[in-house]
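# Working through the structure, step by step
Below, each chain spelled out in residue letters.
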Amino acid sequence: MKLSRRTILQGAGSLAFAVASFRNDALAQAPSAAANPEVPPILFVHGNGDYDALWMTTLWRMESNGIARDRMMAINFTNPTARTDDTVEQANRSSTEDQRRELAAAITELKRRTGAARVALVGNSRGGNSIRNVIKNGGAGDVSHAILCGTPNHGVFALDDLLGSEFNGRGAFLRGLNGGDSEVTPGTAFLTLRSDGMDKYAQPDGRFMGKPGVPTNVTFEGPELKGATNLVLGTIDHRETAYHPRAFREIYKFIAGREPARIAITPEQTVRIGGLVTGAVDGVPTNRPVAGAVVEINYVDRESGERRGDVVHRATTGADGRWGPATVDSTSPLEIVLTSPDAPITHFYRSPFPRSSDVVHLRAARPFIPADKDAGAVVIMSRPRGYFGLPRDTILFDGQEPADVHPGVPTDAAATLRLPASEVGRHVVAQFNEERIVARAWPASENRIAVAELTY
């Protein structure tokens, strides 16, 4: 089944291996706040190189529609990045079998916690590969719904080169999943969500693989599956197929069988946040905990980025890498300072948190690179839940469109501003559509980088 973009956009809003453990103070206030026992527990699965924190806004929207926090879970794969060759061991990277095994364990844990016979799985990108793998190889009886968001179900490319790659449509892994008249496993309801031409991993030309002009043998329809309900969400990007409000609407509808009562996030009266500090090894991100990291939270002025009042929270991570919980004002923007071993001191500037979350994970900014050598300050504008699209989006960084964001198909999730030493200490405004963050420029000479991290 395939529906058009017009069908999907009609009525759409414009705008963790963890379960949130904080009490939900606001569910009783929402009209749809009664528990939904007919909705199966939901397990969210992140993509390549990512972590469960990307599902935070989706979790909030689910909670705002009455889905109990303790009936949701988001997996945090230990080594989230795929191997170059799935059959060859590679340090700090995972095979398809590694991910299948971790996901199967998470399904078992969520069933145990909730007492449910089956769960719904929602995955972005590579996460969809893991979902299909676990269902096809013995897990169908545990999974009621499978929602694959921007998953390269027929590969990022389909070539006779790199046949060991998990993302090669001609490789053994995807041929194994796609064999037969139907590409889905009977007994589980499948939904695919894809972009209408703006997903950089579903392109007919190899320019995003560094091979312009070389056919990938993959089309915009690559994420679709024979036998699934296949929906087109419009000109959203690769990550937005999972994390955009439009995607939330379709995810909720498919699992619950009805429209969500609201797309907006319902605020809580008491907000507590916490999370995990992770890092990278030899440039490869991992979700292993980092011990001995210091996390400090400050309130900041929304116009100047200057700190207001005393430190709100300060903690040093133990062996589990966890920080928090910290009780914060739901109306105040925050500066979260991470001092992590062998990494730049990172000053994260964040919009106010409307709801509690224990997946406010922190990974230090990338190390200084040669391009930074003459900079007095380095400020990064980051969008973890999507890419920057020009001219699709309004993107202003210090009053200008960033020069390092490429127009057309959205491919960039970060932009960098380098300031001279004479401008250290001034404020920098990061504007993405309706979200606006004010950061401060910290001295690079002190091994500090500022990150204006967008939530939406």
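Every chain's residues receive numbers from 1 upward, in the order its sequence appears when written. Totals for whole chains, interfaces and linings use all residues, but because this is a predicted model, local features are given only for residues with pLDDT of at least 70 and pairs of side-chain atoms are given and counted only at 80 or more. Values shown for side chains rest on all heavy atoms present in the structure; no hydrogens or waters enter the calculation.

### Regarding the pattern of salt bridges
Think of a salt bridge as a Lys or Arg side-chain nitrogen and an Asp or Glu carboxyl oxygen that are within 4 Å of each other. All told, the structure shown has 36 salt bridges when counted by the stated rule. For Glu268, the salt bridge identified is with Arg69, shortest N-O distance 3.1 Å. Placement of Glu268 in the loop between α7 (245-256) and β10 (271-281) and of Arg69 in the loop between α2 (56-64) and β3 (72-74) is noted, with a sequence separation of 199 residues between them. What makes Glu268 buried here is its relative accessible area of 3%. Whether a residue is buried, partly exposed or exposed follows from its accessible area with a 1.4 Å probe, protein chains only, as a fraction of its type maximum: under 20%, in between, or over 50%, in that order. For Arg69, a relative accessible area of 5% translates into the label buried. As a salt-bridge pair, Arg101 and Glu97 come within 3.9 Å of each other at their nearest N and O atoms. Of this pair, Arg101 and Glu97 both sit in helix α3 (residues 96-114), 4 residues apart, which is roughly one turn of that helix. For Arg101, a relative accessible area of 45% puts it in the partly exposed group. When its relative accessible area of 35% is taken as the criterion, Glu97 is described as partly exposed. Residues participating in the shared-partner salt-bridge network are Arg83, Glu97, Asp98, Arg100 and Arg101. Secondary structure elements follow DSSP: runs of H or I of four or more residues count as helices, runs of E of two or more count as strands, with numbering from the N terminus.

### Re α7
An α-helical turn contains 3.6 residues, so any two residues separated by three or four positions project in the same direction. Expected helix span is given by 1.5 Å per residue-to-residue step, counting one fewer step than there are residues. With 12 residues, α7 ought to run about 16 Å at 1.5 Å a step, and its terminal C-alpha atoms sit 16 Å apart, in line with that. Extensive coverage of α7 is indicated by the burial of 9 of its 12 residues. Just downstream of α7 lies Gly257, where phi reads positive at about 80 degrees.

### Some points on the pairing of strand β8 (residues 211-215)
Burial analysis of β8 places just 0 of its 5 residues in the buried class, which makes it a mostly uncovered element. Note: strand β7 (residues 205-206) against β8, 2 bridges, orientation antiparallel. In the strand pairing of β8, Asp205 is matched with Pro215. Strands qualify as paired when DSSP identifies two bridges or more between them.

### Some words on the sheet that holds strand β15 (residues 334-339)
Overall, mixed pairing links the 7 strands, which are arranged β13-β12-β15-β16-β23-β18-β20 in an open sheet. Edge strands, defined here as strands with exactly one partner in the open sheet, are β13 (307-316) and β20 (414-419). Sheet twist, expressed as the average angle between the axes of neighbouring strands with direction ignored, equals 20 degrees. Between N-to-C directions, angles span 0 to 180 degrees; the directions come from axes that are lines fitted to C-alpha atoms, helices contributing only their stretch in contact.

### Looking at the packing of aromatic side chains
By convention here, two paired aromatic rings are described through the distance between centres and the angle between planes. For Phe, Tyr and Trp, rings pair up if their centres lie within 6.5 Å, where Trp contributes its six-membered ring, and each pair is then called stacked (planes under 30 degrees apart), edge-to-face (over 60) or tilted (otherwise). Applying the stated rule across the entire model yields 5 aromatic pairs. Ring geometry for Trp55 against Tyr243: centres 4.7 Å apart, planes inclined by 70 degrees, an arrangement best described as edge-to-face. Highlighted residues: Trp55 in the loop between β2 (42-45) and α2 and Tyr243 in helix α6 (residues 240-243), separated in sequence by 188 residues. Across the pair, Tyr243 and Trp55 agree in class, each one buried. Note on Phe248 and Tyr252: the rings are 6.0 Å apart at their centroids and 40 degrees apart in plane angle, and the pair reads as tilted. One end of the pair, Phe248, and the other, Tyr252, are both in helix α7, 4 residues apart, so they sit about a helical turn from each other.

### Observations concerning the environment of Ala280
In this structure, Ala280 sits in strand β10. Take Ala280: its relative accessible area is 51%, and that puts it in the exposed class. Separated by 230 residues in the primary sequence, Ala280 and Asp50 have C-alpha atoms spaced 12 Å apart. Contacts are residue-level and defined by heavy atoms, with any inter-residue pair within 4.5 Å sufficient. Among residues more than four places away in sequence, those in contact with Ala280 are Pro285 and Thr286.

### Details of α3
Here α3 is 19 residues long and its end C-alpha atoms lie 27 Å apart, about the 27 Å a rise of 1.5 Å per residue gives. Inspection of α3 places Thr96, Asp98, Gln99, Arg100, Leu103, Ala106, Ile107, Glu109, Leu110 and Thr114 among the buried residues, and these make up the whole buried set. In the core, the buried residues of α3 are packed alongside β2, β3, β4 (119-124), α4 (126-139), β5 (143-149) and α5 (172-178). Where α3 ends, the next residue or the one after it, Gly115, has phi of about 75 degrees, a positive value.

### Topic: the packing of α3 against α4
Pairs of packed helices are described in terms of their axes, by the angle between the two and the distance that separates them. Interaxial distance between α3 and α4 falls to 9 Å at its minimum, and their mutual angle equals 75 degrees. Taken together, the axis directions place α3 and α4 in an arrangement best described as roughly perpendicular. Note on element contacts: α4 touches α3 through Arg126, Ser130, Ile131, Asn133, Val134 and Asn137, opposite Thr96, Gln99, Arg100, Leu103, Ala104 and Ile107. When grouped by side-chain class, the residues that make up the contact of α3 with α4 number 5 nonpolar, 5 polar and 2 charged. By the definition adopted for this analysis, an angle is roughly parallel if under 35 degrees, roughly antiparallel if over 145, roughly perpendicular if from 65 to 115, and oblique otherwise. Residues were grouped as follows: Ala, Val, Leu, Ile, Met, Phe, Trp, Tyr, Cys and Pro as nonpolar; Asp, Glu, Lys and Arg as charged; and all remaining residues, including Gly, as polar.

### Description of the sheet that holds strand β22 (residues 435-440)
One open sheet holds the 3 strands; their spatial order is β19-β21-β22, and the pairing between them is antiparallel. A strand with exactly one partner marks an edge of an open sheet, and here the two such strands are β19 (395-397) and β22. Neighbouring strand axes in the sheet, compared pairwise and without regard to direction, differ in orientation by 15 degrees on average. In terms of strand pairing, β19 meets strand β21 (residues 427-432) through 3 bridges, oriented antiparallel.

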